[in-house]
Amino acid sequence: MNRDAFAAGERLVSPAYVRQGCEARRSHEHLVRQLLEKGKCPEDGWDESTLELFLHELAVMDSNNFLGNCGVGEREGRVASALVARRHYRLIHGIGRSGDISAVQPKAAGSSLLNKITNSLVLDILKLAGVPTVANCFVVPMATGMSLTLCFLTLRHKRPKAKYIIWPRIDQKSCFKSMITAGFEPVVIENVLEGDELRTDLQAVEARIRELGPDSVLCVHSTTSCFAPRVPDKLEELAVICANYGIPHVVNNAYGVQSSKCMHLIQQGARVGRIDAFVQSLDKNFMVPVGGAIIAGFNDAFIQEISKMYPGRASASPSLDVLITLLTLGSNGYKKLLKERKEMFLYLSSQLKKLAEACSERLLHTPHNPISLAMTLKMLDARHDKAVTQLGSMLFTRQVSGARVVSLGFVQTVSGHIFRGFMSHSNDYPCAYLNAAAAIGMKTQDVDLFIKRLDKCLKTVRKEQSKESDVPAVDNDGKTGNVDIEETTLKLDNVLLDTSS
Ligand SMILES: *Cc1c(COP(=O)(O)O)cnc(C)c1O
């Protein structure tokens, strides 16, 4: 309501009361104005009523919500279901214009404003999370893998002779496919084992660049957040190599925003060398549904170039989700989540260490990985390779999600490339292990339940195995082997289901 409306209201309700109501409204509006003026995440989170007021104000600025609108185009923001309209706060036009995802859409001033303000807020959060000199960023309605592809496709125009992407190995299919889909040939750089950690082989990276010739290399594609025992790439050194050879550098920072260490690596890399873009998942870092990513960088013009590569308009949903989330949390709320995550990492680490030691295993020493942990499964591994996989399925059955059991020697072909020891980021990691991660939003209760269930599963598997090893199974080839493993799996699963509390 505006001033005239309030004045009219004063004829119906006591002016003193109306004035007070008007003041109350003004305090909501004050927050909105500050947001638009500063373009920064408010320190304190907003109330739902302020948020809804803001979103409705944005929506009525879009042409599909004009009272007198008559649309005669092929895209007029018509929506058949009222439920769908409400699910999107009646923001139906999406973001971007045919040639640029960051461009303003004339039919949709509200959605355009939403897009700009979201990107501005997200930039503010990236700075706060540890990359203070980031110059520009934008939200794309695609997950991390496709967003990396978009970066590679943008670089293609700048480096017409390039065919290869130098890629320190990380066993996550979407990373590999992001390069294949963009039409490039990944040059896999195997990691080196330092203690328990798998780390970047800088010499191999440089040797391959020389061998192929810098011009034929599109970029170096490095990774921060990853499953232990791999640790974040040596970004500073890679960034220096890239600067020396004039090769672009794209960083996969999938879930690295939640870790000050990953963010610091990016900041340092950009300071001492070259980082052209870094890409992070919205869902993994901001607790929103899957479907969006942030592409960010230190050169405003290059980030704009990437946003201009996006053909057509795009969904506004990931932007809307992260906007609502950041306004709800405020920067203080987000900082609190980051702090809690760090504490949870220490807690998970200590609990997993205790459990590992109690069953003659070991928590792998991976101090450079700030999010993911790994515990050896040597005892299982020595007796039965399949038992390791079986543990994975048992945990799954017991509703432990996200724990990842890695056995040795798994060969996997991804887009024609054969990976030995797939999942372990290495051709021959010394032992099988189990991963668990302390990601944003994790609670003490998650850790406690996980440890309890893992303990139970490990004990059950061991008991079964010691029974078996009394009478070694012999298969047709005369080798001791895993002939009864399927049966055992079923038996174990039944036991577990029966005893679940
Ligand atoms: C999650 C993840 C990806 C893939 O992300 P999508 O959002 O599913 O495309 C790539 N790399 C790493 C390291 C990841 O953790």
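In every chain, residue numbers begin from 1 and rise along the written sequence. Totals for whole chains, interfaces and linings use all residues, but because this is a predicted model, local features are given only for residues with pLDDT of at least 70 and pairs of side-chain atoms are given and counted only at 80 or more. No hydrogens and no water enter the side-chain calculation; it runs on all heavy atoms of the structure.

Novice: I would appreciate a short explanation of the layout of surface pockets in the present structure.
Specialist: The rule is simple: put a 1 Å grid over the protein atoms alone, call a set of points where a 1.4 Å probe fits but cannot get out a cavity, call an open set with protein on both sides within 12 Å along at least five of seven lines a pocket, and count a residue as lining if it has an atom within 4 Å of a point. Grid points are joined across faces, edges and corners, and a volume is the space filled by probe spheres set on the points. In this structure, the largest pocket encloses a volume near 650 Å³. Going through the elements one at a time, helix H11 (282-286), strand S14 (433-437) and helix H16 (444-470) are the ones with two or more residues in the lining of the largest pocket. Counting residues per element, the lining of the largest pocket draws most heavily on H16, which supplies 5 residues. Here the lining of the largest pocket is built from residues that sort into 12 nonpolar, 7 polar and 4 charged. Reported domain spans reflect what an automatic or database domain assignment gives. Here the lining of the largest pocket spans two domains, since at least three of its residues come from each of domain 2 (109-329) and domain 3 (334-467). Its boundaries defined by the atoms lining it, the second largest pocket holds a volume of some 340 Å³. What lines the second largest pocket is a set of 19 residues, and nearest its centre among them are Lys-261, Phe-345, Leu-346, Pro-367 and Asn-369. Sorting elements by how many residues they give to the lining of the second largest pocket places helix H13 (residues 317-358) first, with 7 residues. Numbering of helices and strands runs from the N terminus; a helix is a DSSP stretch of H or I covering at least four residues, while a strand is a stretch of E covering at least two. Asp, Glu, Lys and Arg are counted as charged, while Ala, Val, Leu, Ile, Met, Phe, Trp, Tyr, Cys and Pro are counted as nonpolar; the rest, among them Gly, fall into the polar class.

Novice: Whenever I open this one, the sheet that holds strand S11 (residues 404-406) confuses me. Can you help?
Specialist: For sheets, the rule is that strands pair by backbone hydrogen bonds, running either parallel or antiparallel. At least two bridges found by DSSP between two strands are what make those strands a pair. The 3 strands are arranged S10-S14-S11 in an open sheet whose pairing can be described as antiparallel. Since the sheet does not close on itself, it has two edges, and those belong to strand S10 (372-376) and S11, each with one partner. Strand after strand, the sheet turns through a mean of 25° between neighbouring axes, direction not considered. Examined bridge by bridge, S10 and S14 share 5 bridges and lie antiparallel to one another. Bridging from a neighbouring strand, Ser-372 pairs with Ala-437 of S14. The strands that H13 touches are S10 and S14; relative to S10, the one it contacts most, it runs at about 0°. Only the stretch in contact is used when fitting a helix axis, every axis being a line fitted to C-alpha atoms; angles between N-to-C directions are given from 0 to 180 degrees. For this analysis, residues touch if any pair of their heavy atoms sits within 4.5 Å.

Novice: Please explain the confidence of the model for the protein chain as it appears in this structure.
Specialist: When pLDDT drops low, the exact placement of atoms in the prediction is not to be read closely. Per-chain confidence: the protein chain averages 91 in pLDDT, with 92% of residues scoring 70 or above. The low-confidence segment residues 471-501 (pLDDT under 50) makes 35 contacts with residues lying over four places distant or belonging to another chain. A score between 0 and 100, pLDDT records how confident the predictor is in each residue.

Novice: For this particular structure, what's the right way to read the site of the ligand?
Specialist: All residues adjacent to the ligand are Ala-143, Thr-144, Gly-145, Ile-170, Gln-172, Ser-174, Cys-175, Ser-225, Asn-252, Ala-254, Tyr-255 and Lys-284. The backbone of Gly-145 places a nitrogen or oxygen atom 2.7 Å from an oxygen atom of the ligand. Under the convention used here, a 1.4 Å probe and the Shrake-Rupley method define accessible areas, while residue burial counts only the protein chains that appear. Considering the ligand on its own, with 380 Å² of exposed area, one finds that the protein chains cover 85% of that surface. Counted by class, the shell around the ligand contains 5 nonpolar, 6 polar and 1 charged residues. Nearness is judged by heavy atoms alone; a residue qualifies as near a molecule or strand once a single heavy atom is within 4 Å of it. In the analysis that follows, any N or O atom pair within 3.5 Å is treated as a polar contact, provided that within protein one partner can donate a hydrogen and the other can accept it, and provided that, for residues neighboring in sequence, both atoms belong to side chains.

Novice: Teacher, can you tell me more about helix H3 (residues 48-59) here?
Specialist: Structurally, the α-helix is built with 3.6 residues per turn, so residues lying three or four positions apart point the same way. Multiplying 1.5 Å by the residue count of a helix minus one yields the expected span of that helix. Taking 1.5 Å as the rise per residue, H3 with 12 residues should run 16 Å; its terminal C-alpha atoms sit 16 Å apart, in good agreement. Buried residues in H3 make contact with helix H2 (15-38), helix H5 (109-128) and H13.

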